Every structure is written in C-alpha cells, then in structure tokens.
Amino acid sequence: MISDDLYREIILEHYAHPRCKGKLEAPTFRQDGVNPTCGDAVTVELDVKDNRVVRAAFEGVGCSISLASASMLTSLIEGKTLDEVRELAATFKKRMLNRNDAEPCPEQLGELEALDGVRQYPVRVKCALLAWNTLLGALEEAL
Amino acid sequence: MISDDLYREIILEHYAHPRCKGKLEAPTFRQDGVNPTCGDAVTVELDVKDNRVVRAAFEGVGCSISLASASMLTSLIEGKTLDEVRELAATFKKRMLNRNDAEPCPEQLGELEALDGVRQYPVRVKCALLAWNTLLGALEEAL
Amino acid sequence: MSVKVELSRRSDFPLLENQPELVYLDSAATSLKPRSVLEAERSYYEECCANIHRGLYRMSEEATRRYEEARHSVARLIGASDPDCCIWTSGTTDAINLVAYTWGEQNILPGDPIVLTGLEHHSNLVPWQNLATRQQARLRWIEPRPDGTLELDNLDELLEGARLVAFTWVSNVFGSISPVQEICRRARAAGATVLLDAAQGVPHLPCAVEEMGCDFMAFSGHKMLGPTGTGMLWSRRELLEAMPPFRFGGDMIREVWRDRCTFNELPFKFEAGTPNIAGVLGMGAAADYLLDVGMANVRAHELDLLTYARECLGSLEGFELLGPPLDQHSGALSFVYRGIHPHDLATLLDRENICIRAGHHCCQPLMRRIGMSGTARASLSLYNIRADIDRLAVALEKASQVFKGVLF
Amino acid sequence: MSVKVELSRRSDFPLLENQPELVYLDSAATSLKPRSVLEAERSYYEECCANIHRGLYRMSEEATRRYEEARHSVARLIGASDPDCCIWTSGTTDAINLVAYTWGEQNILPGDPIVLTGLEHHSNLVPWQNLATRQQARLRWIEPRPDGTLELDNLDELLEGARLVAFTWVSNVFGSISPVQEICRRARAAGATVLLDAAQGVPHLPCAVEEMGCDFMAFSGHKMLGPTGTGMLWSRRELLEAMPPFRFGGDMIREVWRDRCTFNELPFKFEAGTPNIAGVLGMGAAADYLLDVGMANVRAHELDLLTYARECLGSLEGFELLGPPLDQHSGALSFVYRGIHPHDLATLLDRENICIRAGHHCCQPLMRRIGMSGTARASLSLYNIRADIDRLAVALEKASQVFKGVLF
Ligand SMILES: Cc1ncc(COP(=O)(O)O)c(C=O)c1O
Ligand SMILES: Cc1ncc(COP(=O)(O)O)c(C=O)c1O
C-alpha cells in the first residue's frame, strides 16, 4: 500500500472492512440515495430512541470514497442525539465543499479528516457526500 | 440615369412602364407565385388558344428585377406556342442559374439579355426567376 | 459615449478589423462577435475539450465548471437571482417552442384565449398558432400602430380569460420598445401567464427580469454578441418545476428503468443530450463583455446613434422613418426611401459595403397589417459609430441616382 | 496505418499539440477537433458573420453558400444522395426527439409495439418511453448478451405488429456493432419503420445510409470531430414530407397569416429559427476531414488499435474486457480491472494524464441488465496511437498498487 493524498490508509481500511454494513431489523428511519451522475447508490438505516441514534447501518454499491464515507458516518453517529448528528453532517458538508479551506480539520470530525484529500477532486466530493445527504434525507422525516 | 451592370436601362424601363400589366377577363390559366424569402408576389395569367398564348398579363409587388422580368416575360411569350414558351423558359432559367457561363446570351432570349447582370447577384436571381417559375406552374396545368 | 470609446470597442471585433471598409447594419439579424467570445470557444476546444457533467477527470471537470460559470454570467446580465432557472437552449425559437410544447400543452385548454401582438416575429407567433390548433385555443391580437407602438386601449378586454400573453420586448422591424411592465402587470392581474420574447431586448437594454413581471423570457446568444446555436429560457422556479420536460435523453434524467424514469433537477431537466458546450461558453463570454461595457452605456451609445441617424437620414429627400418616438426606440431603423424597393436598396448599398436587411423580417402578418411587402432595415449595435450613418446617407443618395427619372 | 500517418494526423489536433502528455481515451463522450474544424468556425465569425437565407448582401450570401455546402459534405460522408433529406439538428438527442414528436405522434397508436434493444443510450430510450406513455404504446426489447451483441433468435416474434424499431448502430458501452442490415431488413419486412442511432457509428465506420435499410438515422457532430451543438437527422423524402414540423418559427415557414401558415420545403421545414451556423460549418469541415482520411482507413486504424489494446491490456492480471469479438468491435473498450471501482480507476488514471470514463454511460437499464453499477471505458478515435494503449497499461498497473492488500 502506497501513501496517497486521496486514498489514505484509513479510507481503504473502511472500504475493505466497512463498519455497520447491513440491515437493521426494524429501523426507525430508512432512506435511499443515489448519485445519478455515476450510479452509486446507498441506503442508510437508523434506530432512534429518545432522539438519539441507537444503531446505524448502511448498504450500497459505489467507489471506495462513497463506501468509506458511509462506513465512517454510520460508526460515528451511533450514540449521538439527532441534533448532534445534524450538526456533524453540516460541519462535514461545509468542510468538503470548501476546497480552499486551509484551517485544520475540526476536531469533531474525527477520522473523517481522512477525507480531506477528496476536496482536491471536486467530482469525487459528491461520492464523499452521498451517504451524508442520504442521512439528512432520513432526518427530515424525523422533524 | 447612370449606366449600371445590374440596373440596365431596359430593366428600369420595364420597371417604370411595365407591359402587359393587369388582369385578363377570363384567363385560360392563372397562377400565383411568391418568393417566401422576401415577400415578392406575382400573378401570371394566360389566354391560350390552340396551344398558343394569345394574351399574357401579370400583376404583382416586388423589386425592379422581379417586375421587369415579369414584364419582359409576358410581352415575349404572346404569340408563342406552349412548347416554344416552355423552351424559352428553360433556356432563360439555365442562363440565369449559370453564373459562370461566358457564352454570349442565346439570341432567342431577346431583351432578356438585359438580365444577364443579375447572375452576379445570386440572391437576386430568385427575383428574376419568380415570374418564370410561376409561368411554369401555370403551364403544368396545361399538360 | 465618446468617439474614443467607440473606436476601442470596434477593435474588439475581428471582422471589423479584417474589413475596415464594411458598415455592418444588420445586427438585428445576428450580431458580430468580440474576440473574447471567439477565444472562449477556442480555448474550450484547444484546452479542455471534454463532455460535461459525467466526467471524472480534470479536463471534464474544468469544462463543467466553465459551463456553469457561463450560466452565472448570463444570469447576471439579465438580473436573474437563481441560475438554476436559466435554461440553455439553441436560440429564442427553441426556447419558445420549449414553452409551447411543455407549459403550453399542459395549460392551454380548448377555448382558452392566447393574446399576441401584431408585431410578433414568426418565432413568437407560429408556435402559438400551432398550439392553438392542437388545443383548439383562440388567438387574440394587441394591434400595432403604424409606428410600431402598441394600442393598449382595449387591453383589458383582450385579457379577459386569457391564459397566456406572449409579446416582444422590442420589435425587430420598428425597433419599438413595448411597455413591458405595464403589459405584464395588467396581464398577470387578469390571471394570464406572460412570455416575453427578449431576442431584441437583451442585446440593447438593461434587463432586470425579475422586476419586469414576466413568467418566461426567451432570447438568443447570437444576437447579443454570442455564438450561433445558443439561447436561453428564463422562468420562475415554480413554473419550471411544474412543467414536464421537453427533450428526453441523457443528462435530463435521474434514474432510468426500461419502462419509466425520473427526471433530473433544474436546470438539467430541460437540457437533454450533449449541449452546445463551446457555444454556451461563448454566450457566457458575451454576457461578461456586455456587463463590462455596462448595459446603460450600451443604451446611451445606441440612443446617441439613433438620434444622429434620425437627424441625418431624416433630412434626405424622400426618406421616411418607420418607427416610434426616440424614447421608445431601440436597435432597428426601418425605412422607405424614394419609393425604391427595399431589395433594390439592399443590393445598391451592398455595393458600397453596407449591409442592411430588406423584406418582411420574419413578420409577414405585420407587413400585411401595415400594407407593405417589406421594409429596408438598418440595425445597430455597440460597435457601430456615427461614421456608419454618414456612409449610409451617402450611399442612399448614390442609390437614388439609379432610379432617378424612373421613380421620381 | 503506419506510425508516420498517425503522427501527422495527431498534429492536426491543437489540443494534443498543447498537451502532448495527455492520453485522451474518451472520444465516445466527445471527440477532439482538428484545426480545420476550428478554422471553419473562426473564418465564419471573422469573415462572413451574417445570418443566412434572408440576406441580400454578399456576406450573407457567402454564409448561406457555406451553410449549404456543409450539408453536402455531411451528405457525402453518410452516402445520402439527396442533401435535402439531411436535416441539421443540435445533436443526436435533438434528432431523435424530433422524430418522436413528429413521426411518432402521428404514427404510434395505442397498443402499438415499439421495439428497442437493451443496449440503448438514454437518448434513444427515454423519448420512446415518453411517447409510449403519451400514446399508450408498448415497448419490446431485443436483449443484449453480456458481450454487447444482440440476441436475435426471437426477433421475428418481437417484430410482430411492430410500428417502430429503434436501435443503436454501435453500443457506446461495449463498442459492439449491431447487425444493422439484418435488423433493418427483417424489421421492414415486418412492416416496421426503423430508426438508427448512429451517434457511435458515423464517427468510426464507413456509412452508406441508403443501403443500410433504415428510415431515420440520427447522429451528432461533436462525436465525429465536429463542434458541440450540431447533429443531423437523415430520412427518406416521403417520410420527411409527410411529417409535421417539429419546431415552429422563422425560416421553416413559407407564408404566414395571423391564423395559419404554410411550411417551407425540405430541409428548411425542420430548421426553425437561426441555426447553429458556425457549428454547421464546423460539422461540414469535420465531414470533409473524415472523407479526406477515408472512413475505411479510419476503421483500419481503429482495428489495429483495438487488436493491440485487446492483446496488451488483456495480458494484465485481473483485466477483463467487456465486449464483442474483434470483428464486431468498434470504438469503445469497457472493462473491469481487479475489482477496482471504475470511479477510483478514472481518478487514478487522470493523475497519469489519461482520460477515461466511468459509470453507467447513460445506459442505466443496460447496467442493471448486466448486473453492474458501471464500467470503466476507454474509447478511441483516429488520433489515438499504440503508445496511448501502452500508457494506459502502465497506469492501470500503477493504480493497482493503491488497492493492493485491500482488494487483492
Ligand atoms: C449511442 C448514443 N446515442 C445517443 C447519444 C446522445 O448524443 P448527444 O448527447 O450528442 O445528443 C450518445 C452520446 O452520448 C450515444 O453514445
Ligand atoms: C423579435 C425576435 N424574436 C425571435 C427571433 C428568433 O430568434 P432565433 O432565430 O435566434 O431563434 C428573432 C430573430 O430573428 C427576433 O428578432
């Protein structure tokens, strides 16, 4: 494995061994997302109790970036309140969409920092955001 | 009046004083023609007896070239058999459409020779031919 | 605008550089193009010639970025706050047909009145005529006066029950400017939807599309210094979202199955297939050019030329301007001169290297209405100068020599 | 074709001159343009920038002459004996929609079967899907095999009662060449009208449209070395004359009154409004360029490259070509490589200055059918050389390093 600005080890690690991949028994929320440009598709499922994500899972087909991002997402949000999840998603989207942001990655994003390199590949930003936009779709139902 | 390759005296003469302008009482053939590009319109009427043009007349709106050509046409064909008229029309069309024909104008065309200069103005060739194409339309009915 | 400014603008136009003797007075048919427009097309083809929206490599990304940036430029030019409401088309005609086939099919019902004006270009008439036939709707007419202004006294009557009012911002024959805001206000008050044919407006007048009161606005790139094969339809988001698509194919879809599909979001829903990418970049560059000059300056320059032309030509014997008062006048000067047929005039002026147009200007019903078979038309753009008018005046007098003794 | 010929052709393409390091393998999306095409557009804008058909001055006459000459050039390229049957459109998508809106509305009746193949690009699927919905017609499917060839065993069954058969000459995903003459013959024997999507055929293969047996043929300029925003619909005269017009407006009419109009003759009846004049001249120049090279030579060169590529890439570990046997193969090479997702491949190759495409290639139903979400596709044109294939092979191996230990 060579070191790479885009394909960081942690991304490939998530891609090869996704966390939280699969289906929940009876999810509180479930949302499908597609990237029509390229055909990537992801489904995000959430078990929510008392406004808190108890469990999250995803399934999908896609490139390493979109699947690694989905894997990180689901593992990061478990245990968080819906408000915290929304804030996390907003922070991550903002980070990804600002190519020229030279600030260090907000600590809150944790291992999502590994996706920083994607910002230099604008067409791939959509891949990194697919699961997140799908998550936000699911949360709209929660309002 | 200045001498001019396009606006020869004889053309302007026909334009100012058209021959055979008007309507026939009960024409054997009558045909309308328009040039959709520019809106010029002409009507050609023929009295035909024993396959011979006894009288011809035209009416119309248009530029000097199209009206002079109509005037020459009607005055030239009176007295000719339909076959002679068809041949005349064919000879004239051929002459007008061949910009590079350096041969002297066929004698048969008579004063139509004055329209020779139009060949150097391809968009105006349509003007010179309007009455003739209308005539040919009328003669199709005669078959 | 001073002569110095004029001249510096002229040197932006390669055709004028190549043919310094030419007087181009046919910009209402199509405008000349500044170097920056040609450069935008060239640099696409020579630097990032790739298809857009679907490419995963940098060259395609760059092409996509330029394509969307061009949309922003044109949006800025017309004062549209939402570039997603700015749909690329292949021209005004294409844009109007888009509306007729989509919004029209959905909203025009049997018996519905469609209000047009007697000034309309065939492109803003025949699509409605055809729609009216298909849907058994009725056409009603706002009548033009002989100077190209509109008779609005009976407008409220005409608007009763109207579903659509489609009219031109500026007449391509008379250069008369329609009272856009008034017509839009009264039409919308009467419950009608309004389409503005801005083909002759956008190139000449400051535009704030969201304040004019129309629901649709169509215009061409090639008349506003941009490339041929380009144009735009602007509309309001609610309308565009409610409309079915026009052309079907790549890019305008979201998901496709064998028996059905879902459509892409705005503006892509209306942009099926590979678009005129180079053309769009050129139209964007044209908008940037006009924004840089400033549309108020374009208008001021044009008013200066119109004033001069009306004076200078108006003093020729036998010259009759067909057109509105100066303050309602833009772009095109139609005229008759000493009874010389417009075709003959056009040919005689062409010999002096002056390009004007003659004929019905794609407005046959208007010509019938004013009882003419055609007019001679000189039309202006920002690269014209007073000297062009001088040349026209001299050439007209010279043309009159040919018909002296024949017509007068 | 010798290397010398190849290299001399490459220098005709300014983009390759400007970026000698670039390996462009996305010509199925859009091709690069030779200098003569850009020159045809430039010289129009800089020498005779005027609108066509209606002008009475020399510059407009010259523009009109070039416009019609371009039509003759493209007619020659496709072997059409009657240029009046060659209609300019803004692309393949526009041409197919034209047929769907005109011939389709008139001829497809409730219950009528429309036969498509499972290979079709969205542009030759969604218009028919939509027409079928509007007219309550039914779609039937010629099934593709996993290599992109078509299953014709049940063709006669599918053709029973069919009104229309619409299919692609060459698959933009697999590069598979359809047996055009056989399908056309059997379809017409069954009484069906045939539309051929030639978007990927005309740029690569010799074409004799009148001998292929189709009734309509649609293709794009931008995929055959021409400008964006151009395309053509060819059809037989009887069909075109019987069809209603598509877009309504200037130039497509003969006479217009307020309540009705008559239409212009072919080809103008289908060319409403100011066309993409510069683009058309460029597409004509592209046809001249291809005629000059000779389509048989284009095909021979491509076969040489395909042979080389299939050998060279086929020997890479984990490389799987998706495609037909060599003799049925043209243009596009789809492949999977070591389980690396096509997007990741495209990004990694882009870093090596190699442009390929990845995804569904506007063929979602086909992707579902073959059970993939997308493929990686390298596609060729006459300016590609064997060294491009070598570069691709090296870059693929380099890409595999990134995923070593992850995927394999
Ligand atoms: C087979 C096929 N048909 C149709 C099209 C659509 O062509 P255009 O986008 O030029 O309209 C394409 C191009 O992507 C194609 O490959
Ligand atoms: C007022 C008006 N409307 C519509 C059009 C049609 O524009 P295009 O030919 O670019 O589609 C024109 C141009 O001739 C015009 O002057």
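No experiment lies behind these values; they were computed from the predicted model shown.

Draft legend 1. Here's a closer look at the overall build of chain C. The helix and strand tally for chain C stands at 15 helices and 15 strands. For 408 residues, the compact-globule estimate of 2.2 N^0.38 gives 22 Å, and chain C sits close to it at 22 Å. Sorting the 408 residues of chain C into buried and exposed places 70% on the buried side. Only carbon and sulfur atoms are counted for the fraction: they give 49% of the accessible area of chain C, which is about 12,500 Å².

Draft legend 2. Structural view of the packing of helix α4 (residues 58-78) of chain D against helix α11 (residues 277-293) of chain D. Residues and elements named next belong to chain D. Two elements in contact, α4 and α11, have axes separated by 8 Å at closest approach and are oriented at 40 degrees. As for how α4 packs across α11, the hand of that crossing is left-handed. When α4 is examined against α11, the residues Arg66, Tyr67, Ala70, Ser73, Val74, Arg76 and Leu77 are found in contact with a partner set consisting of Ile277, Val280, Leu281, Met283, Gly284, Ala287, Asp288, Leu290 and Leu291.

Draft legend 3. Broad picture of the relation of the copies chain C and chain D. Mapping chain C onto chain D is achieved by rotating through 180 degrees and translating by 0.0 Å along the same axis, at an RMSD of 0.0 Å. Here the symmetry operator amounts to a two-fold rotation axis. Distance from the rotation axis, computed per C-alpha, reaches its smallest value in chain C at Gly229 of chain C: 3.3 Å. A shared binding surface is used by both copies, with 100% of the interface residues of chain C retained as interface residues in chain D.

Draft legend 4. Highlighting the interface of chain C and chain D. Counting from both sides, the interface comprises 89 residues of chain C and, opposite them, 89 residues of chain D. Carbon and sulfur atoms make up 55% of the surface buried where chain C meets chain D, a total of about 7,000 Å² over both sides. If you look at where chain C meets chain D, you find 8 salt bridges. Arg58 of chain D is the partner of Asp350 of chain C in a salt bridge, and the nearest nitrogen-oxygen pair spans 3.1 Å. One can count 44 residue pairs in polar contact (both at pLDDT 80 or more) joining chain C with chain D. Counted by class, the side of chain C that touches chain D contains 40 nonpolar, 28 polar and 21 charged residues.

Draft legend 5. Geometry of the confidence of the model for chain C. With 98% of its residues at a pLDDT of 70 or more, chain C shows a mean pLDDT of 96. The complex model carries a pTM of 0.96, and its ipTM stands at 0.95.

Draft legend 6. Region of interest: the arrangement of the chains. Contacts are most numerous between chains C and D, considering all 5 pairs of chains that are in contact. In this assembly chain A lies apart from chain B, the nearest approach of their C-alpha atoms being 45 Å.

Draft legend 7. Geometry of the site of ligand 1. Looking at ligand 1, there are 14 residues lining it, with Thr93, Asp197, Ser220, His222 and Lys223 of chain D nearest. Two or more chains meet at ligand 1, and those chains are chains C and D. With respect to ligand 1, the side chain of Thr274 of chain C contributes an N or O atom lying 2.7 Å from an oxygen atom. Contacts to ligand 1 include Ser220 of chain D, whose side-chain N or O atom sits 2.6 Å from an oxygen atom. Compared with its free state, where it exposes 390 Å², ligand 1 has 96% of that area covered by protein.

Draft legend 8. Up close: helix α4 (residues 58-78) of chain C. Across its 21 residues, α4 of chain C extends 31 Å between first and last C-alpha, which sits within 8% of the 30 Å expected from 1.5 Å per residue. The element α4 of chain C is largely enclosed, with a buried count of 15 among its 21 residues.

Draft legend 9. Layout of the pairing of strand β5 (residues 164-168) of chain C. Residues and elements named next belong to chain C. Most of β5 sits out of view: 5 of its 5 residues are buried. Taking every second residue as pointing to the same face, both faces of β5 are buried, with Leu164, Ala166 and Thr168 on one and Val165 and Phe167 on the other. Bridge analysis of strand β3 (residues 113-117) against β5 gives 3 bridges, and the strand direction is parallel. Paired with Ile114 across the strands is Leu164, a residue of β5. Both β5 and strand β6 (residues 193-197) contribute to a ladder of 5 bridges, which runs parallel. Bridged to Leu164 within β6 is Thr193. Note that the unit made of β5, helix α8 (residues 180-189) and β6 has a crossover that is right-handed.

Draft legend 10. Looking closely at the site of ligand 2. In the region of ligand 2, 14 residues are neighbours, and Thr93, Asp197, Ser220, His222 and Lys223 of chain C sit closest. One chain alone does not account for the residues near ligand 2; they come from chains C and D. Here Ser220 of chain C contributes a side-chain N or O atom positioned 2.6 Å from an oxygen atom of ligand 2. The separation between an oxygen atom of ligand 2 and a polar side-chain atom of Lys223 of chain C is 2.7 Å.

Draft legend 11. Main features of the interface of chain A and chain C. Taken together, the contacts link 7 residues of chain A with 7 residues of chain C. In total, chain A and chain C occlude about 630 Å² of area from one another, counting both sides; carbon and sulfur atoms represent 64% of this. Looking only at chain A, the three residues that lose the most surface to chain C are Val34, Pro36 and Val123 of chain A, adding up to 64% of its buried area. The interface formed by chain A and chain C holds 0 residue pairs in polar contact (both at pLDDT 80 or more) in total. It is helix α4 (residues 122-141) of chain A that contributes the most residues to the side of chain A that touches chain C, 3 residues altogether. Looking at side-chain class alone, the side of chain A that touches chain C contains 5 nonpolar, 1 polar and 1 charged residues.

Draft legend 12. How the structure looks around helix α1 (residues 9-16) of chain A. By the burial criterion, the buried members of α1 of chain A are Ile11, Leu12, His14 and Tyr15 of chain A. Buried residues in α1 of chain A, looked at end-on, bunch into an arc of 160 degrees, giving them a common side. Looking at the buried residues of α1 of chain A, the elements they touch are α2 (64-77) of chain A together with α15 (386-403) of chain D.

Each value, and the rule that gives it
- Residues numbered from 1 in each chain as written.
- Chains lettered and ligands numbered in written order.
- Predicted model: local features only at pLDDT ≥ 70, side-chain atom pairs only at ≥ 80, totals over all residues.
- Heavy atoms only, no water.
- Helix = DSSP H or I, 4+ residues; strand = E, 2+ residues; numbered from the N terminus.
- Rg over C-alpha atoms; globule rule 2.2 N^0.38 Å.
- Buried < 20%, exposed > 50% of the residue type's maximum accessible area, 1.4 Å probe, protein only.
- Areas by Shrake-Rupley, 256 points an atom, 1.4 Å probe, with all protein chains shown as cover.
- Axes fitted to C-alpha atoms, helices over the stretch in contact; angles between N-to-C directions.
- Left-handed = near helix turned anticlockwise from the far one by under 90°.
- Contact = heavy atoms within 4.5 Å.
- Least-squares fit on C-alpha atoms with pLDDT ≥ 70 in both.
- Buried area = accessible area lost by both parts, 1.4 Å probe.
- Salt bridge = Lys/Arg side-chain N within 4 Å of Asp/Glu carboxyl O.
- Polar contact = N/O pair within 3.5 Å; in protein donor to acceptor, adjacent residues only side chain to side chain.
- Nonpolar A, V, L, I, M, F, W, Y, C, P; charged D, E, K, R; others polar.
- pLDDT = per-residue confidence, 0-100.
- Near = heavy atom within 4 Å.
- Expected span 1.5 Å × (residues − 1).
- Pairing = 2+ DSSP bridges.
- Right-handed = clockwise from strand over helix to strand, strands pointing away.
- Arc of directions from axis to C-beta.

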